[in-house]
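Below are the chains, spelled out letter by letter.
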Amino acid sequence: MAIYCIGDIQGCDAALGRLLAHVDFSPSRDTAYLVGDLVNRGPASADVLRRCMQAGDSIRVLLGNHDLHLLAAAHGARKPSRKDTLDTVLQAPDREALLQWLRQQPLARRLRHAGEDLLMVHAGVLPCWTADDVLALAGEVESVLRGPGLPDFLHSMYGNAPDRWSDALQGTDRLRVIVNALTRLRFCTPEGVMDFESTESAAEAPEGLLPWFDAPGRRTAGTLIAFGHWSTLGWMDRPQLLGLDTGCVWGGCLSAVRFGATLADREHLEVGCEQAQVPG
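Everything quoted here is computed from the prediction, not taken from an experiment.

## What to know about helix α3 (residues 65–74)
Burial analysis of α3 places 9 of its 10 residues in the buried class, the great majority of the element. Buried residues of α3: His66, Asp67, Leu68, His69, Leu70, Leu71, Ala72, Ala73 and Ala74, and no others. On the buried face of α3, the contacting elements are α2 (45–55), α4 (87–90), α5 (95–103), α6 (131–145), α7 (150–156) and α8 (171–184). Just beyond α3, the residue with positive phi is Gly76, at close to 70°.

See the structure below:
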């Protein structure tokens, strides 16, 4: 039995199929975790969702910002942009089944393997949060996504404020900070104030900002975290950090890591991708 983590797919179903074939993935034997942004920008978002649905428990996903954007577009809370390729889902005959499945998926996952924890999110975590906090706060949003209040939530989800966490936050502000951290975060201040303007690589952090994972005193520093979202960062493999977005939709690679007997025993695997969009 093998365990895999796979980076951002963004509607590139052909690349996902090649990667699964490349690693000889067996649904009866193996488990793959996808770290979000299943859809959008690539040509076959509906096919990605169908593949994941049909795989059952052998492919386990979490939600990224593009996945939430799809739900928002489906509920009239957000107009598709000129780069969006969501019509394969929005105009699909099985649209409602695809959207219903998507809204049931989590924003964070934790895997216990060989006595160690792997925490998976799409983008990042705030420095003041523990791994338990991440899962509990993700659960607050998940409850709304799965409930009758979904349309109202999607209409209020967008915005950059508040830009920092406080335990006193309530309602829309609380949920928005959780979503922004887990699905949009790249840079923050040392104190955990989030920035949403900068998309540079980690080596080109704007003045006063640093990558979320380098924030001093980060409470999840002792837990291995796998994440995507940051294609300009590219592949990153540190003892307690796995960056998996290697720009598949931009003509880069679709990357995966295969874990062995322990979380430290891991192998980087990748397949090339056809360029679906041009950056910028």
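## Considerations on the packing of aromatic side chains
Summed over all chains, the structure comprises 7 aromatic pairs. An angle of 80° between the planes, with centres 5.2 Å apart, marks the rings of Trp212 and Phe227 as edge-to-face. Here Phe227 lies in strand β9 (residues 224–227) and Trp212 lies in the loop between β8 (210–211) and β9, a separation of 15 residues in the sequence. The class of Trp212 is buried, set by a relative accessible area of 0%. We classify Phe227 as buried; its relative accessible area is 0%.

## Considering the sheet that holds strand β7 (residues 194–195)
Spatial ordering of the open sheet is given by β7-β6-β8, a layout of 3 strands whose pairing is antiparallel. The strands lining the two open edges of the sheet, one partner per strand, are β7 and β8. Across 2 bridges, strand β6 (residues 187–188) lies against β8 in antiparallel orientation. Note that in β8 the partner of Cys188 across the bridge is Leu210.

So, how was this worked out
- Residues numbered from 1 in each chain as written.
- Predicted model: local features only at pLDDT ≥ 70, side-chain atom pairs only at ≥ 80, totals over all residues.
- Heavy atoms only, no water.
- Buried < 20%, exposed > 50% of the residue type's maximum accessible area, 1.4 Å probe, protein only.
- Helix = DSSP H or I, 4+ residues; strand = E, 2+ residues; numbered from the N terminus.
- Contact = heavy atoms within 4.5 Å.
- Phe/Tyr/Trp six-rings, centres within 6.5 Å; stacked < 30°, edge-to-face > 60°.
- Pairing = 2+ DSSP bridges.

None of the figures reported here should be taken as evidence of function without further support.
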